[in-house]
Amino acid sequence: MGKTIAEKIFESHLVDKPFEDTFVLKLDRVFCHEITTPIAITDLEARKMDRVFDPDKIKVVIDHVTPAKDSKTALQGKILRDWSRRHGIKDFFDIGRNGVCHAIFPEKGFVRPGFTIIMGDSHTCTHGAFGTFAAGVGTTDLEVGILKGVCAFKFPETVKFVLKGALKPGVYAKDAILFIIGQIGVNGATNKVMEFTGPVVDGMSMESRMTLCNMAIEAGGTSGICYPDGKTVDYLWEFISDEYSSKEEAFKAFEIWKSDSDASYDAVYEYDLSDLEPMVTYDYKPDMVKTVREMEGIPVDQIYIGSCTNGRIEDLRIAAEVLKGKKISDNVRAILSPATPKIYSMALKEGLIEVFQDAGFCVTNPTCGACLGMSNGVLAEGEVCASTTNRNFYGRMGKGGMVHLMSPATAAATAISGKITNSSLYKG
Amino acid sequence: MKEFKGKVLFLDRSDINTDEIIPAKYLTEITKEALKPYLLEDLKLPAFDSSRDLKDVRIVISRANFGCGSSREHAPWAFEVNGINVVIAENFARIFRQNMFNCGMCAIELKKDDIEKLFADYSSTGAEAEIDLNGNCIIIKNGGKSGKFSFEMSEYDKALVLAGGWVGFADKKY
Ligand code: SF4
């Protein structure tokens, strides 16, 4: 019988099977940020095990609260900084060069098809867009990853999503993934790999595929995953052109990371997305999803465009197209956080930052920011935010606040009217 | 090995997420102990008051998809520093479940019917329970009533509990 892409990655990385259904895998990358790694570091020190398995495979960024907002977050940054220096970890991205982890690591070329990646961050599933098995883990798994370069998983049962048809103008990857989560529920893919295929995925840019895979965890998925293709090669080419004589050769090498046609799945869902409308969440769980049409007119207080879900250049272009020449409503405040310095620079050169500023947006440095209510952009009790992030849990952006998840286009349109609005209203 | 017995707290809701267990604003703490006062601070559950209802609790029983959301191990730690080493539920989010065992704590899954029965028969205040890891069962008492509920625990999960967590286990082996 054939194998899924996740099974193939497991097979090629298997170090040990200490028990039935326990697969200890060799790791190609361990990603770290300043919220979950410092405790791992201090624990390793306390155990007199302050070592790293391979400094070149560990990539580090300060992104959640940056620049530091107080002494505690300054200390978290310091622990990470000192540790990176001490162990010769070269790829450490500090203030001025830092961006949201799941945006900056792919951008730097650290993610490749067929890789295994862990990070102490639930949205690590984002990197599956490259045909990678990438999973969020807790601090203890991270600790062992740092120390030994291994991590244990159960057999990667896979659920396949075949996305057919084509998305209408004004409908994006974010709408597709919100729709899917609405269909299967927040527990719909727990302990499963979510494999995304079909013409809609084939037509998506790498950025859109990252948006799609980013929210796999919101359905409980261990990892999202897409097959590598020509777009994957194009995205990675600047980093791999030394390794392959041509793009065709790279494509051939990547092509093995694809499920066999007779692979077996836990479930297969087929959706024709041709008639999909823009989607938005309405309560405190990411599976509570309605069409923007059904939610139209609900007033908001804040707009947030950014995060590892939708803070990439494609997202900024889409939002700026809606905002061009317009002003945000007097009743709202709006924040943009380009996800990385490179995205920020591109947006500057392309004149997008000007569009956002002219419309009345506050543009912050690249950071997680309002997404998790730890630093800037926190809501007051009873306030509502239209957000391009991935999580609408109670208290996520501040105690007593409400977050509606949506695409950058919908967020931009909502900024203009001050109420949840379909972006088609502002086109042309 | 930790002790797995004592007073039970019932949390009657599915999909309790890690932001509710420990809000992100406390993730700036770098010791586990500092998380103690904030456990379940943002839990949305009628009539639940974290400052009142957590006293002396050792075991939590809840419903489906417990611990969904963020990967923060601060969630199990916040339980641990409050003396809670067991969560029993119909099922768990993968990362939370793994984090529990990685810390040498227990995340025990029971069938939906058993969870229903536990809520129906034992959730009035005063329930006490004990986890028997050799017998793979939970013994629960409340007033005059008592019951026994069997569960399955993989060899791997049990090995982690016995080793006191994944660091101890992995360091010997890899
Ligand atoms: S942007 Fe939000 S979801 Fe993404 S890594 Fe940062 S805090 Fe997590």
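Just so it is clear, the structure is predicted and the values come from calculations on it, not from any experiment. Within every chain, residues take consecutive numbers counted from 1 along the sequence as written. Here chains are named by letter from A upward and ligands by number from 1 upward, in the order in which they appear as written. Predicted model: local features are reported for residues with pLDDT of at least 70 only, side-chain atom pairs are reported and counted for 80 or more only, and whole-chain, interface and lining totals are derived from all residues. For the side-chain quantities, the full set of heavy atoms in the structure was used; hydrogens and water were omitted.

Considering the sheet that holds strand S1 (residues 5–10) of chain B
Strands pair in a sheet through their backbones, by hydrogen bonds, and they do so in one of two ways: parallel or antiparallel. All names here are of chain B. Being paired, for any two strands, means DSSP has found at least two bridges between them. Counting from the N terminus, the helices are DSSP H or I runs at least four residues long and the strands are E runs at least two residues long. An order of S4-S3-S2-S1-S5-S6-S7 is seen for the seven strands of this open sheet, with the pairing classed as mixed. Edge positions in the sheet fall to strand S4 (106–109) and strand S7 (145–150), since each of these pairs with one other strand and no more. Taking the axes of each pair of neighbouring strands and ignoring which way they run, one obtains an average angle of 30° across the sheet. Pairing geometry for strand S5 (residues 128–132) and strand S6 (residues 137–142), over five bridges, is antiparallel. The partner of Glu130 across the bridge, within S6, is Ile139. Set on the sheet, helix H4 (residues 94–102) makes contact with strand S3 (86–89) and S4; between it and S4 the angle comes to about 130°. Note on method: axes are straight lines fitted to C-alpha atoms, helices fitted across the in-contact stretch only, with angles between N-to-C directions ranging 0 to 180 degrees. Contacts between residues were defined by any pair of non-hydrogen atoms, one from each residue, lying within 4.5 Å.

A look at the packing of helix H6 (residues 173–184) of chain A against helix H8 (residues 206–214) of chain A
Residue and element names in this part refer to chain A. At a minimum axis distance of 8 Å, the contact between H6 and H8 shows a crossing angle of 20°. If you check the angle between H6 and H8, you find them roughly parallel. Crossing hand, H6 versus H8: right-handed. Of H8, the residues touching H6 (which contributes Ala173, Lys174, Ala176 and Ile177) are Ser208, Thr211 and Leu212. Residue composition of the contact of H6 with H8, grouped by class: four nonpolar, two polar and one charged. Note on angle classes: values under 35 degrees are labelled roughly parallel, values over 145 roughly antiparallel, values of 65 to 115 roughly perpendicular, and the remainder oblique. Helix crossings fall into two classes, left-handed where the near helix is turned counterclockwise from the far one by less than a right angle and right-handed where it is turned clockwise. For this classification, the nonpolar set comprises Ala, Val, Leu, Ile, Met, Phe, Trp, Tyr, Cys and Pro, the charged set comprises Asp, Glu, Lys and Arg, and every other residue, Gly included, is treated as polar.

Observations concerning the packing of helix H2 (residues 37–46) of chain A against helix H5 (residues 139–148) of chain A
In helix packing, the relevant descriptors are the interaxial angle and the interaxial distance, both defined with respect to the helix axes. Residues and elements named next belong to chain A. Between H2 and H5, the shortest axis-to-axis distance is 9 Å and the interhelical angle comes to 60°. Viewed along their axes, H2 and H5 adopt a mutual orientation that is oblique. Crossing angle aside, the handedness with which H2 passes H5 is right-handed. Contact residues: H2 offers Thr37, Ile39, Ala40, Asp43 and Leu44, while H5 offers Thr139, Leu142, Glu143, Ile146 and Leu147. In terms of residue class, the contact of H2 with H5 is made up of six nonpolar, two polar and two charged.

Details of the side chain of Thr281 of chain A
Residues and elements named next belong to chain A. Tracing the sequence through the fold places Thr281 in strand S13 (residues 279–281). Any pair of nitrogen or oxygen atoms within 3.5 Å is treated as a polar contact; in protein, a donor-acceptor pairing is required on top of that, and neighbouring residues in sequence qualify only through side-chain atoms on both sides. There is a polar contact of 3.4 Å between the side chain of Thr281 and the side chain of Asn392. In this structure Thr281 touches Leu178, Pro286, Met288, Val289, Met295, Asn392, Val403, His404 and Leu405, once residues within four positions along its chain are discounted.

Description of empty space enclosed by the protein
Any empty space left between the atoms is revealed when a probe the size of a water molecule rolls over them. Residue and element names in this part refer to chain A. The method works on a 1 Å grid over the protein atoms by themselves. A cavity is a set of points holding a 1.4 Å probe that cannot get out, a pocket is an open set with protein on both sides within 12 Å along at least five of seven lines, and residues with an atom within 4 Å of a point line them. Grid points are joined across faces, edges and corners, and a volume is the space filled by probe spheres set on the points. For the coordinates displayed, the defined rule picks out four cavities of 30 Å³ or more. Of the volumes computed, that of the largest cavity is approximately 230 Å³. At the level of elements, helix H4 (101–107) and helix H12 (307–310) are the ones that each hand at least two residues to the lining of the largest cavity. Among the residues making up the lining of the largest cavity, the classes are represented as eight nonpolar, eleven polar and four charged. A domain-level breakdown of the lining of the largest cavity finds at least three residues from each of domain 1 (5–154) and domain 3 (280–417). Domain delimitation follows an automatic or database domain assignment.

So, the domain arrangement of chain A
All names here are of chain A. Looking at the assigned domains, one finds that chain A contains domain 1 (5–154), domain 2 (158–272) and domain 3 (280–417). Taking only C-alpha atoms, the centre of domain 2 and the centre of domain 3 are 24 Å apart. At the junction of the two partners, domain 2 supplies 18 residues and domain 3 supplies 24 residues. Once two parts are put together, the accessible area they lose, assessed with a 1.4 Å probe and summed over both, is termed the buried area. Counting each side, the surface lost to burial between domain 2 and domain 3 is near 1600 Å², with a carbon and sulfur contribution of 56%. We count a salt bridge whenever a side-chain nitrogen from Lys or Arg sits within 4 Å of a carboxyl oxygen from Asp or Glu. Counting every contact that joins domain 2 to domain 3 gives one salt bridge. A salt bridge links Arg391 to Glu218; the nearest nitrogen and oxygen atoms lie 3.0 Å apart. For the interface between domain 2 and domain 3, the tally reads twelve residue pairs in polar contact (both at pLDDT 80 or more). Where the side of domain 2 that touches domain 3 is concerned, the elements lending two or more residues are H6 and H8. In the side of domain 2 that touches domain 3, the residues fall into seven nonpolar, six polar and five charged.

Quick notes on the pairing of strand S9 (residues 158–164) of chain A
Residue and element names in this part refer to chain A. For every residue, the accessible area obtained with a 1.4 Å probe (protein chains only) is divided by the maximum for its type, and the residue is called buried under 20%, exposed over 50%, and partly exposed between those limits. When you tally the buried positions in S9, you get five out of seven residues, the bulk of the element. The pairing of S9 with strand S10 (residues 193–197) spans five bridges and is classified as parallel. Across the sheet, residue Val159 finds its bridge partner in S10, namely Met194. Tracing the backbone out of S9, into H6 and back to the parallel element S10 gives a crossover that is right-handed. Here six bridges tie S9 to strand S12 (residues 267–272), and the two strands are oriented parallel to one another. In the sheet register, Lys164 faces S12, and the bridge partner there is Asp272. Every crossover in which the path from the first strand over the helix to the second runs clockwise, viewed with the strands pointing away from the viewer, is termed right-handed.

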